[in-house]
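Here's the letter readout for the chains.
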Amino acid sequence: MVRPRRSAFVAVLSALVLLGGCSDEAVEERRAVVGKARAALEAGDANGALSALRLVWNAEAPDPSLALVGARASLALKRHDDVIKYARAGLGADFADAGLKADLEWARGKALLARYHELKADTDRRAAGVALEEGTRAGNHRGEAAALLALLQLAGRDPDTARFERFGRMALELDPDGVATSSVRTMFETLGIDL
């Protein structure tokens, strides 16, 4: 008896999806949950943000801005694989917001860099470089992306001081008081490069 009810429910739900049937009430409810997730994240409650996000997360058709909330909350919790999962899902969606795309790349790059420091996998280092460079192009985290990318140039077997200097100067311009930028400033001094 449970199966017919479930089948009927699935059929009705499928019909609503096919007809684009999403009521205004459901849309408002979803917006409220998304707002709750963002508010929790801004208040420093990464677990609360992820709990709210899970109520509306659809991995098949992710909302890129919601994916960024998930990535940022996972970054706060140091769940690097989850950051990468959310960022990839958001980047896989069809959207045109260059700033949002860059912010998703920043999150992915930051997680890949952290994973590289833990596991020393060269593929993570290369992928972090690509993602962080994309993160320097637009968005809210350009300065931090530039600083992390600059520091990444000194990691690995073949340090690239020219690229370090290029992205380091970008970080100093975009985010002079940032935590990662202070490390860049220290490396400038260590390498004897004039600021």
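Predicted model only: the values in this text are computed from it and were never measured.

1. A short note on the packing of helix H6 (residues 98-119) against helix H8 (residues 142-152)
- Following both chains from N to C, one finds H6 and H8 inclined at 35°, their axes separated by 10 Å at the closest point. Note on packing geometry: the crossing formed by H6 with H8 is left-handed. Counting all contacts with H6, which are made through Trp106, Lys110 and Leu113, the residues of H8 involved are Glu144, Ala145, Leu148 and Leu152.
- Classifying every residue of the contact of H6 with H8 by side-chain character gives five nonpolar, no polar and two charged.

2. Remarks on the confidence of the model for the chain
- Confidence along the chain averages 87 in pLDDT terms, with 88% of residues attaining 70 or more.
- When the elements of the chain are averaged for pLDDT, helix H1 (residues 2-18) gives the smallest value, 37, and H8 the largest, 98.
- Counted against residues more than four places away or in other chains, residues 1-21, with its pLDDT under 50, gives one contact.

3. A closer look at the pattern of salt bridges
- Following the criterion strictly, the structure yields 15 salt bridges and no others.
- With its nearest N and O atoms 2.7 Å apart, the salt bridge here joins Glu144 to Lys110. With Glu144 in helix H8 and Lys110 in helix H6, this residue pair connects regions lying 34 residues apart in the sequence.
- Between Asp122 and Arg126 there is a salt bridge; the shortest N-O distance is 3.3 Å. Of this pair, Asp122 and Arg126 both sit in helix H7 (residues 122-135), separated by four residues, roughly a single helical turn.

Conventions used here
- Residues numbered from 1 in each chain as written.
- Predicted model: local features only at pLDDT ≥ 70, side-chain atom pairs only at ≥ 80, totals over all residues.
- Heavy atoms only, no water.
- Axes fitted to C-alpha atoms, helices over the stretch in contact; angles between N-to-C directions.
- Helix = DSSP H or I, 4+ residues; strand = E, 2+ residues; numbered from the N terminus.
- Left-handed = near helix turned anticlockwise from the far one by under 90°.
- Contact = heavy atoms within 4.5 Å.
- Nonpolar A, V, L, I, M, F, W, Y, C, P; charged D, E, K, R; others polar.
- pLDDT = per-residue confidence, 0-100.
- Salt bridge = Lys/Arg side-chain N within 4 Å of Asp/Glu carboxyl O.

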